[in-house]
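Architecture and fold: a report
Chain by chain, the residues run as shown.
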Amino acid sequence: MNYYIDFDNTIYETAKLTKSMLDTIVNKISEHGNVNLEKLVQETKNNFNSTSDNIFEFATKMAEKYNVNAVELNKSIKNIIDDGKKFVFDDAKRFLEKLKDKNHKIILLTFLPQNNQNYQIEKIQGSGITNYFDSIIMTTEYKFKLDINYQKGIFIDDDPRDLKGLFEKNAFRVIRIRKENNRRSKIDIDNSNIEEYKSFDNICID
């Protein structure tokens, strides 16, 4: 069977990565000047949108504002991304290993923002899990609008919009991963045919 699995907040704890990068920006800036730490934390948190903003451009702007070396700051952020194995959910890795052992075809299906493409690629490479996948599909389109044989695929995602769209494409099986700390987990889906699990460990594999 073909398993199409989402990356951000499904396999990879993107919110934790974002927090780590913003913490680094705050720490590096506070090391080089007398700043109001509480105000700086709020500024980074309120002005960075992880969905649409480029972290390196944001870090550069912050570095220029506080007279910090932008190259060094961006290097620190890249080191966090490159060491991304710690952001992979343990249950997701176990699930990938099980699929591999059963010789299923595994495809990473991830959304690629127009202005953040290199960042997404770096995250995937830094995660250390590319060896589990037979192929990687990066798309700027909705996942239910691709040239895929949906009826022969099992799709695992966290995004209610994509999950509903995939179900309407008559996918063989649609599975929602609903992690507790994911903002999208607060959204209910009124469709009992879309399976929901908090952990990959609870998903049955044929």
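Use the structure listed above.
First, a word on what this report is: a plain description of the structure on this page. (Residues numbered from 1 in each chain as written. Predicted model: local features only at pLDDT ≥ 70, side-chain atom pairs only at ≥ 80, totals over all residues. Heavy atoms only, no water.)

**Looking at the pairing of strand 1 (residues 2–5)**
As defined by bridge partners, strand 1 adjoins strand 2 (residues 105–111) across four bridges and the pair is classed as parallel. Paired with Y3 across the strands is I106, a residue of strand 2. (Pairing = 2+ DSSP bridges. Helix = DSSP H or I, 4+ residues; strand = E, 2+ residues; numbered from the N terminus.)

**Description of the side chain of D158**
By the secondary structure assignment, D158 is in the loop between strand 4 (153–157) and helix 7 (160–168). The class for D158 is buried, based on a relative accessible area of 1%. Contacts of D158, omitting those with residues within four sequence positions, involve D6, D8, N9, T10, L163, R176, I177, N182 and R184. (Buried < 20%, exposed > 50% of the residue type's maximum accessible area, 1.4 Å probe, protein only. Contact = heavy atoms within 4.5 Å.)

**Points about the packing of helix 1 (residues 14–31) against helix 2 (residues 37–47)**
Put simply, helix 1 and helix 2 touch, their axes get as near as 10 Å, and they point 145° apart. As for how helix 1 packs across helix 2, the hand of that crossing is right-handed. Facing L22, I25, V26, I29 and S30 of helix 1, the residues of helix 2 in contact are L37, L40, V41, T44 and K45. Its residues placed into classes, the contact of helix 1 with helix 2 shows seven nonpolar, two polar and one charged. (Axes fitted to C-alpha atoms, helices over the stretch in contact; angles between N-to-C directions. Left-handed = near helix turned anticlockwise from the far one by under 90°. Nonpolar A, V, L, I, M, F, W, Y, C, P; charged D, E, K, R; others polar.)

**Regarding the sheet that holds strand 3 (residues 135–139)**
One open sheet holds the six strands; their spatial order is 3-2-1-4-5-6, and the pairing between them is parallel. The two strands at the open ends of the sheet, each matched to only one other strand, are strand 3 and strand 6 (195–197). Taken pair by pair, the neighbouring strands of this sheet meet at an average axis angle of 20°, ignoring direction. Packing against the sheet, helix 6 (residues 117–127) makes contact with strand 2 and strand 3, and its axis sits at approximately 145° to strand 2. The strands touched by helix 7 are strand 4 and strand 5 (173–177); relative to strand 5, the strand with the most contacts, the crossing angle is about 170°.

**Some thoughts on the nonpolar core**
Core analysis: the biggest nonpolar cluster contains 47 residues, and I5, I25, I55, F95 and I156 have the highest contact counts within it. Beyond its immediate stretch of four places on either side in the chain, I55 contacts M21, L22, I25, F48, I77, N116 and Y119. Counting 14 residues, the second-largest nonpolar core is a separate cluster that includes I107, A171, V174 and I194. (Core = buried A, V, L, I, M, F, W, Y, C linked by side-chain atoms within 4.5 Å.)

**Some words on helix 5 (residues 90–101)**
Taking 1.5 Å per residue as the helical rise, helix 5 with its twelve residues ought to reach 16 Å, and the 17 Å between its terminal C-alpha atoms agrees with that figure. Turning to helix 5, its buried residues number three or more, namely D91, A92, F95, L96 and L99. What you see down the axis of helix 5 is that its buried residues fit within an arc of 140°, all on one side. Among the exposed residues of helix 5, those oriented more than 90 degrees off its buried face are D90 and D101. On the buried face of helix 5, the contacting elements are strand 1, strand 2 and strand 4. Immediately downstream of helix 5, the backbone of N103 shows phi near 60°, a positive value. (Expected span 1.5 Å × (residues − 1). Arc of directions from axis to C-beta.)

**What to know about empty space enclosed by the protein**
The full count for this structure, using the stated rule, is one cavity of 30 Å³ or more. Taken as a whole, the largest cavity spans an internal volume of roughly 40 Å³. Around the largest cavity sit Y4, I5, D6, L109, K143, F155, I156, D157 and L166, which together line it. When residues of the lining of the largest cavity are traced back to their parent elements, those giving at least two are strand 1 and strand 4. Per-element tally for the lining of the largest cavity: the top contributor is strand 4, with three residues. Across the lining of the largest cavity, the residue classes break down as six nonpolar, no polar and three charged. (1 Å grid on protein atoms, 1.4 Å probe; cavity = no way out; pocket = protein on both sides within 12 Å on 5 of 7 lines; lining within 4 Å. Points joined across faces, edges and corners; volume = space filled by probe spheres on them.)

**Section: the pattern of salt bridges**
A full pass over the atoms with the stated rule returns 15 salt bridges. In this structure, the salt-bridge partner of K143 is D157, at a minimum N-O distance of 2.7 Å. One end of the pair, K143, is in the loop between strand 3 and strand 4; the other, D157, is in strand 4, and 14 residues separate them in sequence. For the pair K143 and D157, one class covers both residues: buried. Across the pair R161 and D162 runs a salt bridge whose closest N-O atoms are separated by 3.7 Å. The buried category is assigned to D162, whose relative accessible area is 4%. (Salt bridge = Lys/Arg side-chain N within 4 Å of Asp/Glu carboxyl O.)

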